[in-house]
Amino acid sequence: MDINGKVAIVTGGASGLGQATVEAYVAKGAKVAIFDLNEERANTVIADLGADKVAFWSVNVADEQAVKDAVAEVVEKFGALHICNNFAGIGSASKTLGKNGPFPIEQWQPVIDINLTGTFNVSRFAAEQMAKNEPINDDGGRGVIINTASVAAYEGQVGQVAYSATKGGVVGMTLPMARDLASYGVRVNTIVPGLIHTPLFDMLPEPAYKSLEASVVYPHRLGKSTEIAHLAVFMAENDYLNGECIRLDGAIRMQPR
Amino acid sequence: MEMQDKIAVVTGGASGLGRSTVKRFVANGMKCAIFDMNEEKGNALVADLGDSVIFQQVNVTDEDSVKAGIDATLSAFGAIHVNCNFAGIGNAVRTMGKNGPFPLDAFKMVVDVNLIGTFNTLRLCAEQMSKNEPFTKDGGRGAIVNTASVAAYEGQIGQAAYSASKGGVVGMTLPIARDLAVLGIRVNTIVPGLIATPLMMGGAEELTPEIWEFLKPLGSQVLYPQRLGDPDEIAHMAQFIVENDYLNGECLRMDGGIRMQPK
């Protein structure tokens, strides 16, 4: 797919991995809709890239009606939808059983809602719009959906049981979603990030940060959000990549703690 | 990694996936040493691409042959930064079939070229890469790109040898990445599905209308898009792998979503 002239939704696009991807898509000539809860940050991105190229919708990805309405409005504003990146996600740290007793169930549902259900919710409405496109290539292509999992899907650490369940779910639904959407010409792939530097890590004390860096096989550092964006661009562009989950993690394999 | 002015050794570079990758690398400012058994095709590619490439007739299973190829690469271009291993063969023999058990020498030959040939080449290239001055802030000295196959995961009837060889390539990706981390060399593996190459087209290089008709039923097995992959799509993945400095120890399927059935 040639990204030039296409329209993308990027959830979580106001910061971190999402923001870097918004920037990469705009640099390639796409128009981008940021779905996020942080209006202030989104407006900074828009001021940077241009209001003709990027727009913001305040969307809770787990809210069915909000997503349905927002996706329809994106198509109204930009004319179509070709690419959907799901970066919106939250973390969680709670043990199955800890000093304070079993995992508090009220902490479980929000992670599932945003990371897994939210990803699915946005994807299905995005696919609905993509299905209306005229084919954009000789393969009958109409769009591409790119989800975000985590190496925690495969090697979740102590305290990550909820987070890993959601990311494992994102990995698990990649192929069936690709199979569902094959007849519409919509490809589905998933980015599996390792440790990527985002503003969240700025708050970590230096010894802790250095220890994280040392745990990466090579290069000995956290990943850059621009490197994730580079993978997102590759996934959008390569028409034969489908149903696949790709780790971008400096070869790390997460240890229990 | 910036591709401009980097030097790649590409085994199997005279045809199919290797050839497409050589072309893409050269278009991005790299120089390539084509290691292949097929002199005619190798020389044709040199005639096509000029000074940016050399051809060396190399048998990847033969230590001296690979060393000679590497020496020639160093003489021509001065260093090695990237090694892509595309040289490979296939066969179709049942573990136990009408003709009896799978002949062992046929099994060993596939493993020799695909698995041992890959390892033979990459270790000798890594030796040269280790001599490079780092060319990234991460102390990067090189990148190795191997080729497996979806047969590593879903080998079909008749593919015991091929799947063993490709499963081995997948299996060694992470330990080799771990070995070479201290030298700043990344190691990743492309896992192609059904791609339109001589391996799939009975030796033919170009997708003629007759071959296209023959291959169409295969294309309909692919999830989406319903066709064989274009070798340049694999080359695009090779480029991505070389460029992205955080990709390491990973195996990447490029297969239109196919999951191979038994036959």
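Anything mentioned here points back to the structure above.
Please read all numbers here as calculations on a predicted model, not as lab measurements.

Scoring rules and cut-offs
- Residues numbered from 1 in each chain as written.
- Chains lettered and ligands numbered in written order.
- Predicted model: local features only at pLDDT ≥ 70, side-chain atom pairs only at ≥ 80, totals over all residues.
- Heavy atoms only, no water.
- Helix = DSSP H or I, 4+ residues; strand = E, 2+ residues; numbered from the N terminus.
- Rg over C-alpha atoms; globule rule 2.2 N^0.38 Å.
- Contact = heavy atoms within 4.5 Å.
- Areas by Shrake-Rupley, 256 points an atom, 1.4 Å probe, with all protein chains shown as cover.
- Disulfide = S-S within 2.5 Å.
- Buried < 20%, exposed > 50% of the residue type's maximum accessible area, 1.4 Å probe, protein only.
- Buried area = accessible area lost by both parts, 1.4 Å probe.
- Salt bridge = Lys/Arg side-chain N within 4 Å of Asp/Glu carboxyl O.
- Polar contact = N/O pair within 3.5 Å; in protein donor to acceptor, adjacent residues only side chain to side chain.
- Core = buried A, V, L, I, M, F, W, Y, C linked by side-chain atoms within 4.5 Å.
- Axes fitted to C-alpha atoms, helices over the stretch in contact; angles between N-to-C directions.
- Parallel < 35°, antiparallel > 145°, perpendicular 65-115°, else oblique.
- Left-handed = near helix turned anticlockwise from the far one by under 90°.
- Nonpolar A, V, L, I, M, F, W, Y, C, P; charged D, E, K, R; others polar.
- Patch = residues over 30% accessible without salt bridge, like charges linked within 9 Å, V, L, I, M, F, W, Y side chains within 5 Å.
- Lys, Arg positive; Asp, Glu negative; His and termini not counted.
- Charge placed at Lys NZ, Arg CZ, Asp CG, Glu CD.
- Expected span 1.5 Å × (residues − 1).
- Bend = angle between axes of the 7 residues up to and from the residue.
- Phe/Tyr/Trp six-rings, centres within 6.5 Å; stacked < 30°, edge-to-face > 60°.
- Lys NZ or Arg CZ within 6 Å of the ring centre and 35° of its normal.
- Pairing = 2+ DSSP bridges.

**A look at the overall build of chain B**
- Regarding its fold elements, chain B presents 8 helices and 9 strands.
- By the compact-globule yardstick of 18 Å for 263 residues, chain B fits well, its C-alpha radius of gyration being 18 Å.
- Projected onto its principal axes, the C-alpha positions of chain B cover 55 × 35 × 35 Å.
- The long-range share in chain B, meaning contacts at least 24 apart out of those at least 6 apart in sequence, stands at 69%.
- With the model as given, the accessible surface of chain B reaches about 10,700 Å², and the carbon-plus-sulfur share is 52%.

**Here we look at the state of the cysteines**
Residue and element names in this part refer to chain B.
- Inspection of the entire model under this criterion finds 0 disulfides over all chains.
- There is no disulfide at cysteine 84, and the cysteine sulfur nearest it, in cysteine 32, is 7.8 Å away.
- Residue classification places cysteine 84 among the buried residues on the basis of a relative accessible area of 0%.
- Just so you know, cysteine 125 is unpaired, no disulfide at all, and the nearest cysteine sulfur is the one on cysteine 84, 9.8 Å from it.
- A relative accessible area of 0% places cysteine 125 in the buried class.

**A closer look at the interface of chain B and chain A**
- Listed by partner, the interface residues are 40 residues for chain B and 40 residues for chain A.
- Interface area, chain B with chain A, both sides summed: about 3,300 Å², of which 58% is carbon and sulfur.
- Counting across the interface, chain B meets chain A through 2 salt bridges.
- Among the salt bridges present, the one from arginine 221 of chain A reaches aspartate 138 of chain B, with a minimum N-O distance of 2.8 Å.
- Put simply, chain B and chain A have 27 residue pairs in polar contact (both at pLDDT 80 or more) between them.

**A short note on the pattern of salt bridges**
All names here are of chain A.
- Enumeration according to the criterion identifies 18 salt bridges over all chains in this entry.
- Ionic pairing is found between aspartate 52 and lysine 53, a salt bridge with its closest N-O pair at 3.9 Å.
- Judged by its relative accessible area of 32%, lysine 53 falls in the partly exposed class.
- One connected set of salt bridges, linked through shared partners, spans Glu155, Arg247, Asp249 and Arg253.

**Considering the nonpolar core**
- In this structure, Val22 and Tyr25 of chain A together with Phe25 of chain B are the most contacted members of the largest nonpolar core, which totals 126 residues.
- Beyond its immediate sequence surroundings of up to four residues, tyrosine 25 of chain A is in contact with Ile3, Ala8, Val10, Ala30, Val32, Ile83, Asn85, Ile146, Ala232, Val233 and Ala236 of chain A.
- Core analysis: the second largest hydrophobic core is formed by 32 residues, Val122, Met173 and Ala182 of chain A together with Leu223 of chain B among them.

**A look at unusual backbone geometry**
- With an omega of 0 degrees, the peptide bond between tyrosine 218 of chain A and proline 219 of chain A qualifies as cis.
- As for its placement among the helices and strands, proline 219 of chain A is situated in the loop between helix H7 (206–215) and helix H8 (225–237).
- In this structure, proline 225 of chain B follows tyrosine 224 of chain B across a cis peptide bond, with omega equal to -5 degrees.
- In this structure, proline 225 of chain B sits in the loop between helix H7 (209–219) and helix H8 (231–243).
- In this model, alanine 251 of chain A sits at a positive phi of 70 degrees, which is unusual for a non-glycine residue.
- Of note, alanine 251 of chain A is situated in the segment after strand S9 (245–248).

**Remarks on the environment of glutamate 128 of chain A**
- The residue glutamate 128 of chain A is located in helix H4 (residues 105–130) in this model.
- Linking glutamate 128 of chain A and alanine 72 of chain A, residues 56 residues apart in sequence, is a C-alpha distance of 9.7 Å.

**Brief notes about the packing of helix H1 (residues 16–27) of chain B against H8 of chain B**
Residue and element names in this part refer to chain B.
- For the pair H1 and H8, interaxial distance at closest approach is 8 Å and the crossing angle is 55 degrees. Relative to H8, the element H1 lies oblique. For the crossing formed where H1 meets H8, the hand is right-handed. Together, Gly16, Leu17, Ser20, Thr21, Arg24 and Phe25 of H1 and Pro231, Asp232, Ile234, Ala235, His236, Ala238, Gln239 and Val242 of H8 make up the contact between the two elements.
- Of the residues belonging to the contact of H1 with H8, the class tally is 7 nonpolar, 5 polar and 2 charged.

**Some details on a negative patch on the surface**
Residue and element names in this part refer to chain A.
- Together, Asp63, Asp69, Glu73 and Glu76 give the surface a local cluster of negative charge.
- Its location among the elements puts aspartate 69 in helix H3 (residues 64–78).
- Residue classification places aspartate 69 among the partly exposed residues on the basis of a relative accessible area of 37%.

**Some points on H4 of chain A**
- In this model, H4 of chain A (26 residues) spans 37 Å end to end at C-alpha, consistent with the 38 Å of a helix rising 1.5 Å per residue.
- Maximal helix bending in H4 of chain A amounts to about 40 degrees, located at threonine 117 of chain A.

**Details of the packing of aromatic side chains**
Residue and element names in this part refer to chain B.
- The final tally for this structure, using the stated rule, is 5 aromatic pairs over all chains.
- Residues phenylalanine 102 and phenylalanine 107 carry aromatic rings whose centres are separated by 5.7 Å and whose planes lie at 80 degrees to one another, so their mutual orientation is edge-to-face.
- With a relative accessible area of 27%, phenylalanine 107 lands in the partly exposed category.
- Sitting over the face of the ring of phenylalanine 135, lysine 6 holds its NZ or CZ atom 4.8 Å from the ring centroid.

**Here's the deal with the sheet that holds S9 of chain A**
Residues and elements named next belong to chain A.
- On the basis of which strands lie adjacent, the open sheet formed by 7 strands has the order S3-S2-S1-S4-S7-S8-S9 and parallel pairing. Looking at the sheet topology across the chains shown, the edges are occupied by strand S3 (54–58) and S9. Neighbour-to-neighbour, the strand axes of the sheet open up by a mean angle of 20 degrees, direction not taken into account.
- Direction of pairing for strand S1 (residues 7–11) relative to strand S2 (residues 31–36): parallel, over a ladder of 5 bridges. Within S2, the position partnered with valine 7 by the bridge is lysine 31.
- Sheet strands in contact with helix H2 (residues 39–49) are S2 and S3, and its direction is about 170 degrees off that of S3.
- This element, H8, spans strand S4 (83–86), strand S7 (143–148), strand S8 (186–193) and S9 of the sheet and lies at about 160 degrees to S8.

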